[in-house]
Amino acid sequence: MTTPDTDRSQTAVIVLAAGSGTRMKSATPKMLHRVCGRTMLGHALHAAAGIHPEQIVVVVGHQREQVGAAVAELAVDLGVPVTTAVQEEQNGTGDAVAAGMAALPADFSGTVLVTTSDIPLLDADTLREVVTRHDLRPRASVTILTSTAPDPTGYGRIVRNDDGEVLRIVEHKDASDDERAIDEVNSGIYAFDARVLREKLGELGTDNSQGELYLTDVIQLARQSNGLIRGHRVEDADLVAGVNDRVQLAGLAAEMNRRLCETAMRAGATIVDPGSTWVDVDVHIGRDVTILPGTHLTGSTVIGDGATVGPDTTLQDTTVGEGASVVRTHAVGASIGPGAEVGPFAYLRPQAELGERSKIGTFVEVKKSSIGAHTKVPHLTYVGDATIGEHTNIGASSVFVNYDGVNKNRTVIGDHCRTGSDTMFIAPVTVGDGAYSGAGTVIKNDVPPGALAVSGGRQRNIDDWVIENRPDSGSAEAALRTRNDS
């Protein structure tokens, strides 16, 4: 009989990230491939940090400089210390864990949780369950996280006795036909008593088909020493499904995305077509949000309550205010105010800040600019390095000419301005409150409040210029017909 252990042991987590991942056919280390906005290594470290261990060790080997740099960056993001250990040669999982153990204090005597960097759906709750199961009295020497695989090919099989006790793990290549028929498989996640793990790692041998040090052999060695071996089976096999190639990567990314969409819908959002909607793990979607087909929400994007996004929209690290509408838009690092309207076919670049109930219309690009509340930039305009006040209207085909060939300069436009179509703002320039500009105006100098800016002279028509200078053209023929008819 097992009983809860109120005296939880100290916990260390060893994350294995030393493999070469040759089946990915990639210059990028396998664990640095991304799933729903986060590398697989990132998923592993978020899960590990979620159980609040005393120590986290990541074992690196292949492309260690690149993987080590990613570990350091993730440690800063998570705000937890993470130690890196090096597996000098790829000599099996037992050798990798031994490298990780060498990074722990020699007197560490708690629970060592071993996980891997290529199981993207594994979460902190599942790891916590393993540790809790392991700590039940009497405490186990080893607790193995297992699952049932529809196709167990390639996985280590969990061999139990008639009483359900775990006897050993047999790798697929070393399994007999009867053992290969077993569908309970090893996830590669274990909780070890640190003392047992340290002792049994020293007893590992290489008498197997790969000639490597198998971590799984620790289980059999521990049992031979009368150690208690527990198995903790998860019903949701996807939680412990690993990635070995691009096909598996895509499959698990789709599954994670499905779960993220489901979570958002159960929290009160409408996602019209989850199959064509992609949501990263750090995205927040409010209540009564409507997400239309073909929408990608990435990075740290936040969608406020009641907003509508899509169709065919990509938002990266962008905030959308309550009740806003964003249609067929690409936005990166932008802030869209409550009730604002964006698109279709708008491009919001970093530091585009749109005020409450502002409007950015068709074929408008905004970069590093602040657009005031109720201000409209309806169509065919580039706004770069500008501050535009409230209740202002920018005419069609206007350009904020912010670059002089060396420096970016800023344009400031006040409140309640009306600028005509095809206005060029040659920065640096300021347009005062309530000012107007005529169509086709080139503004090179500051415009006082309430003034009308015009830059062109009176229109002059040169009669018969086309007939005289382009006599053989269709234009000349049309002009002559019209003149003769009149």
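Definitions and limits used
Residues numbered from 1 in each chain as written. Predicted model: local features only at pLDDT ≥ 70, side-chain atom pairs only at ≥ 80, totals over all residues. Heavy atoms only, no water. Helix = DSSP H or I, 4+ residues; strand = E, 2+ residues; numbered from the N terminus. Contact = heavy atoms within 4.5 Å. Core = buried A, V, L, I, M, F, W, Y, C linked by side-chain atoms within 4.5 Å. Buried < 20%, exposed > 50% of the residue type's maximum accessible area, 1.4 Å probe, protein only. Salt bridge = Lys/Arg side-chain N within 4 Å of Asp/Glu carboxyl O. Phe/Tyr/Trp six-rings, centres within 6.5 Å; stacked < 30°, edge-to-face > 60°. Axes fitted to C-alpha atoms, helices over the stretch in contact; angles between N-to-C directions. Parallel < 35°, antiparallel > 145°, perpendicular 65-115°, else oblique. Nonpolar A, V, L, I, M, F, W, Y, C, P; charged D, E, K, R; others polar. Left-handed = near helix turned anticlockwise from the far one by under 90°. Pairing = 2+ DSSP bridges. Expected span 1.5 Å × (residues − 1). Polar contact = N/O pair within 3.5 Å; in protein donor to acceptor, adjacent residues only side chain to side chain. Disulfide = S-S within 2.5 Å. UniProt positions renumbered as here; feature names shortened; annotations may be inferred.

1. Describing the side chain of Asn257
Looking at the secondary structure, you find Asn257 in helix 8 (residues 246–266). Here Asn257 is in contact with Cys36, Pro274, Thr277, Trp278 and Val279, once residues within four sequence places are set aside.

2. Here's the deal with the nonpolar core
A general feature of soluble globular proteins is that nonpolar side chains tend to end up buried together. Residues Ile285, Ile303, Ile336, Leu348 and Ile360 are the most contacted members of the largest nonpolar core, which totals 45 residues. Taken together, the elements giving at least two residues each to this core come down to helix 8, strand 25 (346–348), strand 27 (359–367), strand 29 (376–384), strand 30 (386–388) and strand 36 (429–431). Take this core: its biggest share by element is 3 residues, from strand 27. Dropping the residues within four chain positions of it, Ile336 is found in contact with Thr318, Thr319, Val320, Gly321, Ala324, Val326, Val342, Leu348 and Leu354. Counting residues in hydrophobic clusters, the runner-up holds 34 residues, among them Ala85, Ala99, Leu215 and Ala222.

3. Concerning the pattern of salt bridges
Side-chain pairs of opposite charge can arise where the charged atoms are in close proximity. Scanning all chains against the criterion turns up 23 salt bridges. The shortest N-O distance in the salt bridge between Glu165 and Arg223 comes to 3.1 Å. Residue Glu165 is found in the loop between strand 8 (157–160) and strand 9 (166–170), and its partner Arg223 is found in helix 7 (residues 217–224); the two are separated by 58 residues along the sequence. What makes Glu165 partly exposed here is its relative accessible area of 37%. Classification of Arg223 as partly exposed rests on a relative accessible area of 26%. Arg168 serves as the salt-bridge partner of Glu179, at 2.9 Å between the closest nitrogen and oxygen. Here Arg168 lies in strand 9 and Glu179 lies in helix 5 (residues 177–180), a separation of 11 residues in the sequence. Glu179 gets classed as buried once you look at its relative accessible area, which sits at 14%. Overall, the relative accessible area of 25% leaves Arg168 in the partly exposed class.

4. A closer look at the packing of aromatic side chains
Tallying each qualifying case throughout the model produces 3 aromatic pairs. Between the aromatic rings of Tyr190 and Phe192, the centroid separation amounts to 5.5 Å while the plane-to-plane angle is 40°, which identifies the pairing as tilted. Phe192 carries the same exposure label as Tyr190, and that label is buried.

5. Some words on the packing of helix 6 (residues 194–201) against helix 7
Packing of helix 6 against helix 7 brings their axes to within 10 Å, and their N-to-C directions diverge by 105°. One finds that helix 6 runs roughly perpendicular with respect to helix 7. Contacts from Val196, Leu197, Lys200 and Leu201 of helix 6 reach helix 7 at Val218, Leu221 and Ala222. Taken together, the residues of the contact of helix 6 with helix 7 sort by class into 6 nonpolar, no polar and 1 charged.

6. Topic: the packing of helix 1 (residues 40–49) against helix 2 (residues 64–78)
Direction vectors running N to C along helix 1 and helix 2 enclose 40°, while the axes themselves pass 10 Å from each other. Between helix 1 and helix 2, the angle is such that the two are oblique. Helix-helix and strand crossings are classified by hand; for helix 1 and helix 2 the assignment is right-handed. Facing helix 1, whose interface residues are Leu41, Gly42, Leu45, His46 and Ala49, helix 2 presents Val67, Ala70, Val71, Leu74 and Leu78. Grouping the amino acids of the contact of helix 1 with helix 2 by side-chain chemistry returns 8 nonpolar, 2 polar and no charged.

7. Description of the side chain of Ser358
Tracing the chain through its elements places Ser358 in the loop between strand 26 (353–354) and strand 27. Using a relative accessible area of 1% as the deciding quantity, one classes Ser358 as buried. Setting aside its immediate chain neighbours within four residues, Ser358 contacts Ala340, Glu341, Ile371, Gly372, His374 and Thr375.

8. Points about the sheet that holds strand 17 (residues 302–303)
As summarised here, the arrangement of the 9 strands in space is 14-17-20-23-26-28-30-33-36, forming an open sheet in which the pairing is parallel. Each edge of the open sheet is held by one strand with a lone partner, namely strand 14 (284–285) and strand 36. In this sheet, strand 20 (residues 319–320) lies alongside strand 17 in parallel orientation, the contact comprising 2 bridges. Looking across to strand 20, one finds that Val302 is bridged to Thr319.

9. A closer look at helix 8
Between the first and last C-alpha of helix 8 there are 30 Å, a value that for 21 residues agrees with the 30 Å anticipated at 1.5 Å per step. Buried within helix 8 we find Leu249, Leu252, Ala253, Glu255, Met256, Asn257, Cys261 and Ala264. Measuring from the side-chain oxygen of the N-cap residue of helix 8 to the backbone nitrogen of Val247 gives 3.1 Å; that N-cap residue is Asp245. Where helix 8 terminates, the next one or two residues include Gly268, which has phi positive at roughly 115°.

10. Structural notes on helix 4 (residues 124–135)
For helix 4, which comprises 12 residues, the first-to-last C-alpha distance of 16 Å matches the rise-based estimate of 16 Å (1.5 Å per residue) to within 8%. Within helix 4 the residues assigned to the buried category are Ala124, Thr126, Leu127, Val130, Val131, His134 and Asp135. For helix 4, the secondary structure elements touched by its buried residues are strand 1 (11–17), helix 1, strand 6 (111–116), strand 7 (142–148), strand 10 (184–193) and strand 11 (229–234).

11. Describing the state of the cysteines
Applying the stated criterion to the full structure yields 0 disulfides. Cys36 provides the cysteine sulfur closest to Cys261, a residue in no disulfide bond, and the two sulfurs are 8.5 Å apart. Judged by its relative accessible area of 1%, Cys261 is buried.

12. Describing the UniProt feature "active site" (unreviewed entry) in the protein chain
Feature annotation in UniProt assigns "active site" (unreviewed entry) to the following positions: His379. The residue His379 is located in strand 29 in this model. Those residues within four positions of His379 in sequence are excluded, and the remaining contacts are Thr362, Phe363, Val364, Ala396 and Ser397.

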